[in-house]
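Coordinate analysis (summary)
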Amino acid sequence: DAPHSPGAARAVRLLGQLRIPEVIPTLLSALYHEDDYLSEAAEDALCEMGEAVLPHIEPVLRDGRDDDIRSILPLLGRLPYPGTVEIILSHLERLYQIDREDLVYSIEELGSRRFIPQLKEYLTEDEPEEEVFCLLCWLHEVDDPELPRIVRALASRKREDEQMLAQLQAGDETGFI
């Protein structure tokens, strides 16, 4: 229970390696722990458990507290199973409202073609959704009419970032203050 307890983190990782489904609720509890060291160990252990975790995650996404869902979102991107895609799609709107950034990261990590139509609904200029949408379209050879506009916008933002970096490196901070 002490913060940054290496022993507790090792025990949690061992539980994951043993792959005993009965310990999944305990691992989920550790995932929500305020100690980042312990919660990261729990995430690793839950990944080791594989698909057996999914039936335990779905009720949390459906009925859980926002903080618990925020803890689970990064884990979803590390569970590369069709069931993970199903769970995300069935709770997409709520997940997007709770933590858009981690949701988009998990969608990117999973890389499923099934996310393309749903992600398109959430496209917002100058946001990570555009990058992930492009990536998924390219990965799955989907020729969407939005792609040319997004590619131009991404290239323009890259040029702007490079110009700002060059200004900073030259010691010119005008425009940043």
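Residue numbers here run from 1 along each chain, matching the order of that chain's written sequence. Restriction of local features to residues with pLDDT of at least 70 applies here, the model being predicted, together with a cutoff of 80 or more for giving and counting side-chain atom pairs; totals for whole chains, interfaces and linings are based on all residues. Side-chain measures were taken over the full set of non-hydrogen atoms in the model, leaving aside hydrogen atoms and water.

**Notes on the environment of leucine 123**
Which entries qualify depends on this criterion: To qualify as a helix, a DSSP run of H or I must reach at least 4 residues; to qualify as a strand, a run of E must reach at least 2; elements of each kind are numbered from the N terminus.
Mapped onto the elements of the fold, leucine 123 is located in the loop between helix 9 (116-121) and helix 10 (128-139). With ten residues separating them in the primary sequence, leucine 123 and arginine 113 have C-alpha atoms 16 Å apart.

**Describing the packing of helix 10 against helix 11 (residues 147-169)**
Definition in use: Axes here refer to lines fitted to C-alpha atoms; in helices the fit is confined to the stretch in contact. Angles between the N-to-C directions go from 0 to 180 degrees. Roughly parallel covers angles under 35 degrees, roughly antiparallel covers those over 145, roughly perpendicular covers 65 to 115, and oblique covers all other angles. Helix crossings are classified by the rotation of the near helix relative to the far one: an anticlockwise turn of less than a right angle makes the crossing left-handed, while a clockwise turn makes it right-handed. Contact criterion: two residues are considered in contact whenever any of their non-hydrogen atoms come within 4.5 Å of each other. When residues are sorted by character, Ala, Val, Leu, Ile, Met, Phe, Trp, Tyr, Cys and Pro go into the nonpolar class, Asp, Glu, Lys and Arg into the charged class, and all the rest, Gly among them, into the polar class.
At a minimum axis distance of 10 Å, the contact between helix 10 and helix 11 shows a crossing angle of 125°. What the angle tells us is that helix 10 and helix 11 run oblique. Handedness of the helix 10/helix 11 crossing: left-handed. Residue-level inspection shows Glu130, Glu131, Phe133, Cys134, Cys137 and Trp138 of helix 10 in contact with helix 11, the latter providing Leu147, Arg149, Ile150, Val151, Leu154 and Arg157. Among the residues making up the contact of helix 10 with helix 11, the classes are represented as eight nonpolar, no polar and four charged.

**Overview of the pattern of salt bridges**
Our working rule: Think of a salt bridge as a Lys or Arg side-chain nitrogen and an Asp or Glu carboxyl oxygen that are within 4 Å of each other. Relative accessibility decides the category of a residue: with a 1.4 Å probe and only protein chains considered, values under 20% of the type maximum give buried, values over 50% give exposed, and everything between is partly exposed.
Tallied over the full model, the rule gives 15 salt bridges. Here arginine 62 makes a salt bridge to aspartate 63, at a shortest N to O gap of 3.0 Å. Its salt-bridge partner being arginine 65, residue aspartate 68 comes within 2.8 Å of it at the nearest N-O pair. We classify aspartate 68 as buried; its relative accessible area is 12%. Residues joined by salt bridges that share partners form a network here, namely Arg13, Glu43, Asp44 and Arg78.

**Concerning the confidence of the model for the protein**
Any residue range with low pLDDT should be treated as having predicted coordinates unsuitable for detailed reading. Note the threshold: Confidence scores labelled pLDDT are given residue by residue by the predictor and lie between 0 and 100.
Averaged over all residues, the pLDDT of the protein equals 88, while 94% of them reach at least 70. Per-residue pLDDT, averaged within each element of the protein, yields its smallest value for helix 1 (residues 6-18) (83) and its largest for helix 6 (residues 82-90) (97).

**A closer look at helix 8 (residues 100-110)**
The condition is simple: This arc describes the spread of directions from the helix axis toward the C-beta atoms.
Every buried residue belonging to helix 8 is among Leu103, Val104, Ser106, Ile107 and Leu110, and all of these are buried. The buried residues of helix 8 occupy an angular sector of 160° when projected down its axis, which confines them to one face. Buried-residue contacts for helix 8 involve helix 5 (66-76), helix 6, helix 7 (92-98), helix 9 and helix 10. Looking one or two residues beyond helix 8, the residue adopting positive phi is glycine 111, at roughly 65°.

**Here we look at the packing of helix 5 against helix 8**
Viewed as axis vectors pointing N to C, helix 5 and helix 8 meet at an angle of 20°, and their least axial separation amounts to 8 Å. Looking at the two axes, helix 5 sits roughly parallel to helix 8. Relative to helix 8, the crossing made by helix 5 is left-handed. Across from Arg70, Leu73, Pro74 and Leu76 in helix 5, the residues of helix 8 making contact are Asp102, Leu103, Ser106 and Leu110.

**Quick notes on a nonpolar patch on the surface**
Let me state the cut-off plainly: Patch definition: residues above 30% relative accessible area lacking any salt bridge, with like charges linked at up to 9 Å and the nonpolar side chains Val, Leu, Ile, Met, Phe, Trp and Tyr linked at up to 5 Å. The Shrake-Rupley method, run with a 1.4 Å probe, gives the accessible areas here. Residue values count only the displayed protein chains as cover.
A surface patch of nonpolar side chains, about 260 Å² in accessible area, is lined by Leu14, Leu18 and Ile20. On the secondary structure map, isoleucine 20 appears in the loop between helix 1 and helix 2 (24-31). Residue class for isoleucine 20 comes out partly exposed when judged on its relative accessible area of 35%.

**Overview of unusual backbone geometry**
Not every positive phi belongs to a glycine, and arginine 19 is a case in point at roughly 55°. By secondary structure assignment, the location of arginine 19 is in the loop between helix 1 and helix 2. Look at arginine 19 and you get exposed, because its relative accessible area is 51%.

**Considerations on helix 6**
Looking only at helix 6, the buried set comprises Thr84, Val85, Ile87, Ile88 and Leu89. Structurally, helix 6 contributes buried residues whose contacts are with helix 4 (54-63), helix 5, helix 7, helix 8 and helix 9.

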